[in-house]
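Fold and contact review
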Amino acid sequence: MFIAANWKMNLKKSDIKDFLYFLKKNDFSNKIKLCIFPQSIYLSYLIDLLENTSVLVGGQNCYYELSGPFTGEISPECLKDIGCNYVILGHSERRTHFKESSTHVKMCAETALKTSLTPIICVGESYEDRMNNEELNFIENQIYHSIPNIEENFYIAYEPIWSIGTGSIPTNNQIFKMHDHIKKIAFSILKKDIKVLYGGSVSPNNIDEILKVSNVDGVLIGGASLKIKDFLAIYGSVAKHVNNN
Ligand code: PEP
């Protein structure tokens, strides 16, 4: 099981220090891979604080070139250089606010893989697409254009846009159907199985229900990963789940 904590543009140095104070007291399971994605300016700070723990750190984004005249961008090579293992790509907030296309996401993912970073590629339909029963077609198209053709390791995060930060989540049937669809499309392209995370309003109240969906390989958590109490409650539920299965 994978737990990805996307802090987005939140938490200052002192907040991170407080969060880590409690996180380090947690009983970590070797069946769970935990990766935290802080703002890029605090990556090194977090990596230092997490030294000698099993907690991994990743970037919230990167560019498709390794270096050069690209002011303000983040090189995947440098993420790797400072000790990151993962990078989130194509989050719906990047696609919406910064107009990142699926082609852009794919190029970034291919470059990230060359530097041995593992991309977590986000896909997700809008409320309108779901209401028009277009969600399966939309996701299929997004995957075809966003994932690298190379047979490397990466994750896909299914994050319905209408669920991010809203408190509404799909039913277990809807999650199962979409994860199944994503895995089948990825297999048809790559000829290998891919792991799919669910993201969108994951909380201590709904995590047990989400974990009942057999093809959920992990969760990508936004808002609830900012509060240590909620985050540890979610971690505890995932730990119980992996121990019982
Ligand atoms: C996200 O933005 O990736 C996310 C899942 O956010 P939230 O958990 O707050 O819905």
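Our next topic: the packing of aromatic side chains. Applying the stated criterion across every chain yields a total of ten aromatic pairs. Arranged with centres 5.0 Å apart and planes meeting at 85 degrees, the rings of Tyr21 and Phe22 form a pair that is edge-to-face. Members of the aromatic cluster, joined through ring pairs, are Phe2, Tyr86 and Tyr155. Lys13 extends its terminal NZ or CZ atom over the ring of Tyr45, reaching a point 5.1 Å from the ring centre. Directly above the aromatic system of Phe98 lies the positively charged group of Arg94, at a separation of 4.1 Å from the ring centroid.

Here helix H5 (residues 102–114) spans 19 Å end to end across 13 residues, near enough to the 18 Å set by a 1.5 Å rise per residue. Where the residues of H5 are buried, they touch helix H3 (76–82), strand S4 (86–89), helix H4 (92–97), strand S5 (118–123) and helix H7 (135–146). Directly beyond the C-terminal end of H5, a positive phi value near 70 degrees is found at Ser116.

Moving on: the nonpolar core. By size, the foremost hydrophobic cluster in this structure holds 62 residues, and its most contacted members are Ile3, Trp7, Leu23 and Ile182. Ranked by the residues each element gives to this core, the list is headed by helix H10 (residues 228–244), at seven residues. When residues no more than four places from it in sequence are discounted, the contact partners of Leu23 are Phe28, Leu34, Ile36, Leu50, Val55, Ile228, Phe231 and Leu232. Formed by twelve residues, the second largest nonpolar core is a distinct cluster that contains Phe2, Ala4, Ile120 and Leu197.

Next up on the list: the side chain of Asp217. Here Asp217 shows up in the loop between helix H9 (207–210) and strand S8 (218–221). A distance of 2.6 Å separates polar atoms of two side chains, one belonging to Asp217 and the other to Lys183. A distance of 2.8 Å separates a polar atom in the side chain of Asp217 from the backbone nitrogen of Val196. Those residues in contact with Asp217 that sit more than four places away from it in its chain are Met1, Phe2, Lys183, Ile194, Lys195, Val196 and Leu197.

Quick notes on the rules
- Residues numbered from 1 in each chain as written.
- Predicted model: local features only at pLDDT ≥ 70, side-chain atom pairs only at ≥ 80, totals over all residues.
- Heavy atoms only, no water.
- Phe/Tyr/Trp six-rings, centres within 6.5 Å; stacked < 30°, edge-to-face > 60°.
- Lys NZ or Arg CZ within 6 Å of the ring centre and 35° of its normal.
- Helix = DSSP H or I, 4+ residues; strand = E, 2+ residues; numbered from the N terminus.
- Expected span 1.5 Å × (residues − 1).
- Contact = heavy atoms within 4.5 Å.
- Core = buried A, V, L, I, M, F, W, Y, C linked by side-chain atoms within 4.5 Å.
- Buried < 20%, exposed > 50% of the residue type's maximum accessible area, 1.4 Å probe, protein only.
- Polar contact = N/O pair within 3.5 Å; in protein donor to acceptor, adjacent residues only side chain to side chain.

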